[in-house]
Amino acid sequence: MSDDIILPIQTTDSRSGGEAGGRHDPFYVNLVISDPEVILAASEYAEGRPRTDFLLTALKIGVLSLRAARGVVDGEMVRKEGEHLMEQLGERLNGWRKVFEERVAGSLSHYFDPKQGTFVERVERLVHADGDLANVMKLQVQSAEQSLAKVFEQFIGENSQLLKVLDPSGENQLVQTMQRTLDGVIQSQNAAILQQFSLDNKGGALTRFLGELEAKHGNLNTALSRNMADVVSEFSLDRPDSALSRLVQRVETAQRSLTSELSLDNESSALSRLQKMLEENHKEQVAMANRLSESLNVAIGQLQARREEAAKSTRHGLEFEVSVGEQLRAICEAAGDVVRDCGTSTGLIPNKKVGDFVVTIGPEKAAANAKIVVEAKESASYDLAATLEEADVARRNRGAGVCVFVHSDKTAQAGIPVFSRYGHDIVVRWHADDPGTDVWLKAAMMVATAMSVRAATHDKQDAASFQVVDNAIARMRKQIEGFEVIRTSANTSSNAAGKILERAKIMEESLLSQVEALCAEVAKLKARQDQDA
């Protein structure tokens, strides 16, 4: 059994004295522990005296429990041991909280610091005028232009196969092919015509003609001898109006017409018109690609100009306040709380409008009707001291017990923490255009609600589950380690953006659930301690 713990335990031999106050001699017992829960709890302490003390305390609590079951428990001893256990648990909780705050602040500052953060630097490289995104778009446009130019050059360019085929020089393969085809057709037609006028062809036109003449006029030789001159003249090329001359003229006219239509020397020919149409289409496609490239460059420039103008505008403070209000309503309405805008109205202090929003906790919670004031600032003139002073004024002006002061991540000074609590005030940094910072605003509202619940009346039977607190802190530490995955993914290539967003979403949901559980259990613990005091 590799998980067993074998440990000598020094205990007290009750046989050497009475329970009322005799001397108790110690005795030693070797224990073999195989219970998984006891092994897990004991493994959290270092080997040696710390683990021995923990097991002695656990053994003593068990003995007292057994004695209590028999009706012989010592109430004073139970109270002392309970106080000692509460002190140890309080020290452990404070230690975990300090380590957690230090590591969270360091990790978030490393990635999201507006001046030196690797995440901000990567985003700047992406959206800058000559950044990765602009370069990718330019490369895509240039690649499209080059591909289009290559296509036109390949099919209708100077060295294309089409122009080679349509070349009017002696090497023109198309004209030669057409000429050969026409010559073949003419020769075939000539052969067919000659065959019709051949006496060897019994089914030819001439043979049938002679047969009809002989049938009508008697001896053909006699008739031919009389009219041979007329017949021969119809098949003579010396007469322009003979049948054979007219046939030859028609064939030559058709050949000249075809040659003219397929010649580039004739501007009105079909081939010339086809070439002009292809050239005009090529010019239109090139002009369209140039206009598209210019439109994209103008759109990118206008987008960058609008961002710069929005950053310099005097209304950016009001826009940030509106953005905080929208995000705040989404968070509070889902939790059953009520949000009221009060930035333009005075509060309890005369002529004071400090405090932009007041959140009233819903009636279903322990701190029903408790108020939380939220102040939103997008100004670089506020340091941490000025922030806390105005947060105190906002609480008094709006009659709230807790203040959440939201700084814009664009303008916040370096001394403003990403997330921190100072007494009744919570200071948080939030970026309106970065959904990844929403988790800090949600966490601030959860902590503020937990602080309000702590101040409210709780049932005396409520007790904090320290196991839940320890597990929540351990899982939160594990989620913080996930920022290393984000940093590695962000540095590989721009294609890892999907992986970064998916990982950030998972971490945000898990971190929010653990913060909520931690806040609820800590509130119960502190309320119980206040009641016992």
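Figured I'd write up the structure that's included with this text. Keep in mind it's a predicted model, so treat the numbers as computed, not measured.

## Quick look at the overall build of the protein chain
Then, number 1: Along the backbone of the protein chain there are 16 helices and eight strands.
Then, number 2: Long-range contacts, defined as pairs at least 24 residues apart, comprise 53% of the intrachain contacts of the protein chain with a sequence gap of at least 6.
Then, number 3: Approximately 33700 Å² of the protein chain is accessible, and the part contributed by carbon and sulfur atoms is 55%.

## Some thoughts on the pairing of strand E8 (residues 425–430)
Then, number 1: Counting buried positions along E8 yields six of six residues, so the element is predominantly enclosed.
Then, number 2: Covered by surrounding structure in E8 are Asp425, Val427 and Arg429 together with Ile426, Val428 and Trp430, the residues of both alternating faces.
Then, number 3: Note: strand E6 (residues 402–408) against E8, six bridges, orientation parallel. Considered in E8, the bridge of His407 is made with Arg429.
Then, number 4: Note: strand E7 (residues 419–422) against E8, four bridges, orientation antiparallel. The residue bridging Arg421 from the neighbouring strand is Ile426, located in E8.
Then, number 5: Linking E7 back to E8 in an antiparallel pair, the connection comprises two residues, with Gly423 at a positive phi of about 65 degrees.

## Things to note about unusual backbone geometry
Then, number 1: The backbone of Asn351 shows a phi angle near 60 degrees, a positive value even though the residue is not glycine.
Then, number 2: Mapped onto the fold, Asn351 is located in the loop between strand E3 (338–341) and strand E4 (357–360).
Then, number 3: Using a relative accessible area of 75% as the deciding quantity, one classes Asn351 as exposed.
Then, number 4: Positive phi, close to 70 degrees, is recorded for Asn369, a residue that is not glycine.
Then, number 5: Relative to the elements of secondary structure, Asn369 occurs in the loop between E4 and strand E5 (371–377).
Then, number 6: Since its relative accessible area comes to 57%, Asn369 is described here as exposed.

## Notes on the sheet that holds E5
Then, number 1: The sheet built from six strands is open, its strands ordered E3-E4-E5-E6-E8-E7 with mixed pairing. Of all strands in the sheet, those with a lone pairing partner are E3 and E7, marking the two edges. Direction aside, the axes of adjacent strands within the sheet are offset by 20 degrees on average.
Then, number 2: In this structure, E4 lies alongside E5, joined through four bridges in antiparallel fashion.

## Observations concerning the nonpolar core
Then, number 1: By size, the foremost hydrophobic cluster in this structure holds 32 residues, and its most contacted members are Leu328, Val359, Val374, Val404, Val406, Ile426 and Met445.
Then, number 2: Mapped onto this core, the elements with two or more residues apiece are helix H3 (75–112), helix H12 (316–335), E4, E5, E6, E8, helix H14 (438–455) and helix H16 (497–532).
Then, number 3: Ranked by the residues each element gives to this core, the list is headed by H14, at nine residues.
Then, number 4: For Val404, the residues in contact, after removing those within four places along its chain, are Ile372, Val373, Val374, Glu375, Ile426, Val428, Ala444, Met445 and Ala448.

## What to know about the side chain of Asp337
Then, number 1: Residue position: Asp337 is located in the loop between H12 and E3.
Then, number 2: With relative accessibility at 9%, the residue Asp337 sits in the buried group.
Then, number 3: At 2.9 Å, the side chain of Asp337 forms a polar contact with the backbone nitrogen of Gly362.
Then, number 4: Those residues in contact with Asp337 that lie beyond four places of it in its chain are Cys332, Val359, Thr360, Ile361, Gly362 and Lys365.

## A short note on the packing of aromatic side chains
Aromatic rings in a pair are described by how distant their centres are and how their planes are angled relative to each other.
Then, number 1: Scanning the entire structure with this criterion turns up four aromatic pairs.
Then, number 2: Ring plane angle 25 degrees and centroid distance 4.5 Å describe the contact between Tyr45 and Phe54, whose orientation is recorded as stacked.
Then, number 3: Considering the side-chain rings of Tyr382 and Phe405, the 6.3 Å spacing of their centres and the 40 degrees angle between planes classify their relative orientation as tilted. Taken together, the positions of Tyr382 in the loop between E5 and helix H13 (384–398) and Phe405 in strand E6 put the pair 23 residues apart, joining distant regions of the chain.
Then, number 4: Take Tyr382: its relative accessible area is 18%, and that puts it in the buried class.
Then, number 5: Judged by its relative accessible area of 1%, Phe405 falls in the buried class.

## Points about the environment of Gly436
Then, number 1: Counting through the fold element by element, Gly436 comes out in the loop between E8 and H14.
Then, number 2: Using a relative accessible area of 43% as the deciding quantity, one classes Gly436 as partly exposed.
Then, number 3: C-alpha separation for the pair Gly436 and Phe112, spaced 324 residues apart in sequence, amounts to 10.0 Å.

What counts as what
Residues numbered from 1 in each chain as written. Predicted model: local features only at pLDDT ≥ 70, side-chain atom pairs only at ≥ 80, totals over all residues. Heavy atoms only, no water. Helix = DSSP H or I, 4+ residues; strand = E, 2+ residues; numbered from the N terminus. Contact = heavy atoms within 4.5 Å. Areas by Shrake-Rupley, 256 points an atom, 1.4 Å probe, with all protein chains shown as cover. Buried < 20%, exposed > 50% of the residue type's maximum accessible area, 1.4 Å probe, protein only. Pairing = 2+ DSSP bridges. Axes fitted to C-alpha atoms, helices over the stretch in contact; angles between N-to-C directions. Core = buried A, V, L, I, M, F, W, Y, C linked by side-chain atoms within 4.5 Å. Polar contact = N/O pair within 3.5 Å; in protein donor to acceptor, adjacent residues only side chain to side chain. Phe/Tyr/Trp six-rings, centres within 6.5 Å; stacked < 30°, edge-to-face > 60°.

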